[in-house]
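Summary of the model geometry
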Amino acid sequence: MTFKTKILCIGAGYVGGPTMTMIARKCPTYKVTVVDINKARIDAWNSDNIPIYEPGLDEVVKAARGKNLFFSTDVDQAIREADIIFVSVNTPTKTFGEGAGRAPDLQYWEKTARQILANSDSSKIIVEKSTLPVRTAEAMERILNGNPKGIEFEVLSNPEFLAEGSAIQDLENPDRVLVGSRETPSGLAARKALVDIYAHWVPKEKIIESNVWSAELSKLAANAFLAQRISSINSISALCEKTEADVGEVSYAIGMDSRIGPKFLKASVGFGGSCFQKDILNLVYICESYGLHEVADYWESVVRMNQWQQKRFVQNILTGMFRTVAGKRIALLGFAFKADTGDTRESPAISVALGLLEEKAQVVVSDPKALENAKKDLAGAEVIYEEDPYKAADGAHAIAILTEWKLYKELDYAKIFKSMKQPAFIFDGRNILDHKKLFEMGFNVFAIGKAALKHF
Ligand code: UDX
Ligand code: UDX
């Protein structure tokens, strides 16, 4: 079959993989190739065991793979034949040099731009899918367009808003798709080519067009606003624990105000994931580099509140359990940064586990999908890994719920209570359990933003 347009995506991760799979599925006349330098990851995409857990993804990959969706490690060849290249390589927070701990590490992005240039002999559209600092497109244009080959590249920003665990749903029915480009004739033509792809399934009124800088900044701002809501309610949760207000009731009451809205107001042990912290720090760094210190400080407090919330959770375990957890078995139920994913990047479970280990607790980690990642995150630490929650809790002094997996709501807690050391404690870092019922069973129950239910 000859294809109308050839699309390439560089980076077969949590964003590149599902996004390209959906484009392939919805645009059968387009050839979609996804490449990655990580051969094991590409082999996995080509196998029955795709490398990321995402509800519903498996079926969509199988339906398109080999027809118009291809996974490969031959980056150079794929660049040569592509008309449109999405770049979805990772942009972690820099760990060295200028801006360490805040600025994004753009080395993979730049290397990718140079590789695109080296292997292109025709003009192409380059689409930023990775979250990038504002004005990255400009730097990319400089690298790409300063070439003696006489070919031209249009750099577009098309940030991805999917959330892990609901990626397929978010891609299939997005709140909006954002396409930013230069407002020159060639920029507008490239914009149209990209809009045409999404128009295969996304209603026109949900496809927003903007200049390229607005698109870049909107992604950072959207994540910062979402994270800010969580830090805001988490700050209130600390106050609830002191005043006997219940954060669930407060959250419900304020969320009913249509100006505030009910979403992203769930108090928790803290937010995790690859994006929120990184993108806020990114925003902080840009603000600082423009001398906007107050703005930087304002957004940085969202991250500080999140780190404090995680520390506070460990502190609550410690004080709740008579100020010592040394030698006590504590079962952590859930390690993923949220339910329905095996991803543990920036998961609050990491800092909770490390905090408990520092207090010399015997930590047992349980999770239905994230144990392999947990082992990498806690490499070198003395931790027990046990997928079965009943076995994890067996003989434990305490259970801490760290991920809101549905299966943890449905456990037989009466059975668990009997298998635990007494007095038995539950720390619900996600507020998913029936606290009153657990208390009546005999547990001492500590939830986020609620007065503790104790038998002593
Ligand atoms: C993406 C974006 O890249 C990030 O900026 C955004 O904020 C979140 O989504 P994600 O898909 O989650 O990140 O990252 P990851 O799963 O790490 O995938 C990136 C892939 O790019 C990796 O598989 C990596 O091997 C690949 N890569 C990296 C390349 O193929 N080439 C490189 O030069 C660098
Ligand atoms: C986020 C954005 O939602 C998405 O649009 C963007 O593209 C990438 O970053 P993701 O990180 O996959 O997506 O997950 P999200 O559902 O936003 O959850 C992030 C963290 O916040 C999780 O740890 C989650 O448990 C936590 N959270 C979320 C809360 O603690 N309370 C809430 O009310 C909502």
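What counts, and where the lines are drawn
Residues numbered from 1 in each chain as written. Chains lettered and ligands numbered in written order. Predicted model: local features only at pLDDT ≥ 70, side-chain atom pairs only at ≥ 80, totals over all residues. Helix = DSSP H or I, 4+ residues; strand = E, 2+ residues; numbered from the N terminus. Rg over C-alpha atoms; globule rule 2.2 N^0.38 Å. Contact = placed C-beta atoms within 7 Å. Near = placed C-beta within 6 Å. Domains from an automatic or database assignment. Nonpolar A, V, L, I, M, F, W, Y, C, P; charged D, E, K, R; others polar. Buried ≥ 20, exposed ≤ 12 C-beta atoms within 10 Å, placed from the backbone. Pairing = 2+ DSSP bridges. Right-handed = clockwise from strand over helix to strand, strands pointing away. Axes fitted to C-alpha atoms, helices over the stretch in contact; angles between N-to-C directions. Parallel < 35°, antiparallel > 145°, perpendicular 65-115°, else oblique. Left-handed = near helix turned anticlockwise from the far one by under 90°. Core = buried A, V, L, I, M, F, W, Y, C linked by C-beta atoms within 7 Å.

On to the overall build of the chain. On a plain count of helices and strands, the chain comes out with 18 helices and 14 strands. Taking 2.2 N^0.38 as the reference for a compact globule, 456 residues should give roughly 23 Å; the C-alpha atoms of the chain span a radius of gyration of 24 Å, in line with that estimate. Sequence-distant contacts in the chain: of pairs separated by 6 or more residues, those separated by 24 or more amount to 73%.

With that settled, the discussion passes to the site of ligand 1. Within the structure, ligand 1 sits among 22 residues, and Gly11, Gly13, Tyr14, Ser130 and Thr131 are positioned closest to it. Sort the elements by how many residues they give to the shell around ligand 1 and helix H5 (residues 107-118) lands first, with three residues.

Another aspect to go through is the domain arrangement of the chain. Taken domain by domain, the chain holds domain 1 (5-202) and domain 2 (211-456). Between domain 1 and domain 2, the C-alpha centre-to-centre distance is 32 Å. Contacts between the two partners involve 30 residues from domain 1 and, on the opposite side, 27 residues from domain 2. Of all elements in the fold, only helix H6 (136-145), strand E6 (153-157) and strand E7 (177-181) reach the threshold of two or more residues within the side of domain 1 that touches domain 2. Broken down by element, the residue count for the side of domain 1 that touches domain 2 peaks at four residues, all from E7. In terms of residue class, the side of domain 1 that touches domain 2 is built from 16 nonpolar, eight polar and six charged.

Moving on: the site of ligand 2. Surrounding ligand 2, one finds 19 residues, the nearest of these being Lys266, Ser268, Phe271, Gly273 and Cys275. With three residues, the single largest contributor to the shell around ligand 2 is helix H9 (residues 212-243). The residue makeup of the shell around ligand 2 includes at least three contributed by each of domain 1 (5-202) and domain 2 (211-456).

Right, let's get into the pairing of strand E10 (residues 362-366). With respect to burial, E10 is a largely interior element, four of its five residues being buried. Bridge count between strand E9 (residues 329-333) and E10: five bridges; the pairing is parallel. Within the sheet, the bridge partner assigned to Arg329 lies in E10 and is Gln362. With helix H13 (residues 348-358) bridging E9 and its parallel neighbour E10, the resulting β-α-β unit is right-handed. Bridging between E10 and strand E11 (residues 383-385) involves three bridges; their strand directions are parallel. Opposite Val363, over in E11, you have Val383 as the bridge partner. Each parallel crossover has a hand, and the one from E10 via helix H14 (residues 371-377) to E11 is right-handed.

On to the environment of Lys149. Relative to the helices and strands, Lys149 is located in the loop between H6 and E6. Judged by local crowding, Lys149 falls into the exposed class, with 10 C-beta atoms found within 10 Å.

Glancing now at the packing of H5 against H6. Where H5 contacts H6, the two axes come as close as 9 Å, and the packing angle between them is 30°. Classified by the angle between their axes, H5 and H6 sit roughly parallel to one another. In this structure, the crossing between H5 and H6 has a hand that is right-handed. Residue-level inspection shows Glu110, Ala113, Arg114, Ile116 and Leu117 of H5 in contact with H6, the latter providing Met140, Ile143 and Leu144.

Where H9 contacts helix H11 (residues 276-289), the two axes come as close as 9 Å, and the packing angle between them is 115°. Between H9 and H11 lies a crossing whose hand is left-handed. Residue-level contacts link Leu220, Asn223, Ala224 and Ala227 of H9 to Phe276, Asp279, Ile280, Asn282 and Leu283 of H11. Classifying every residue of the contact of H9 with H11 gives six nonpolar, two polar and one charged.

A few words now on unusual backbone geometry. The omega angle of the peptide bond from Gln422 to Pro423 is -5°, so this bond is cis rather than trans. One can find Pro423 in the loop between helix H17 (413-419) and strand E13 (425-428). One non-glycine residue, Asp340, lies in positive phi territory at about 65°. When you line up the elements, Asp340 lands in the loop between E9 and H13. Its 20 C-beta neighbours within 10 Å are what place Asp340 among the buried residues.

In globular proteins that are soluble, nonpolar side chains generally tend to be buried together. Counting residues in hydrophobic clusters, the biggest one holds 72 residues, and the most contacted among them are Ile330, Leu332, Val352, Ala353 and Ala400. Aside from chain neighbours lying at most four places away, what touches Ala353 is Leu332, Val363, Val365, Leu378 and Val383. In this structure, Cys27, Tyr30, Val32 and Ile125 belong to the second largest nonpolar core, which totals 57 residues.

For the rest of this paragraph, the subject is the sheet that holds strand E14 (residues 444-447). An order of E11-E10-E9-E12-E13-E14 is seen for the six strands of this open sheet, with the pairing classed as parallel. Unpaired on one side and paired on the other, E11 and E14 mark the two borders of the sheet. Within the sheet, the average angular offset between the axes of one strand and its neighbour, ignoring direction, is 20°. In terms of strand pairing, E9 meets strand E12 (residues 398-401) through four bridges, oriented parallel. Its bridge partner being in E12, Leu332 is matched across the sheet by Ala400. The sheet contacts of helix H12 (residues 293-320) involve E12, E13 and E14, and relative to E13 the element is tilted by about 165°.

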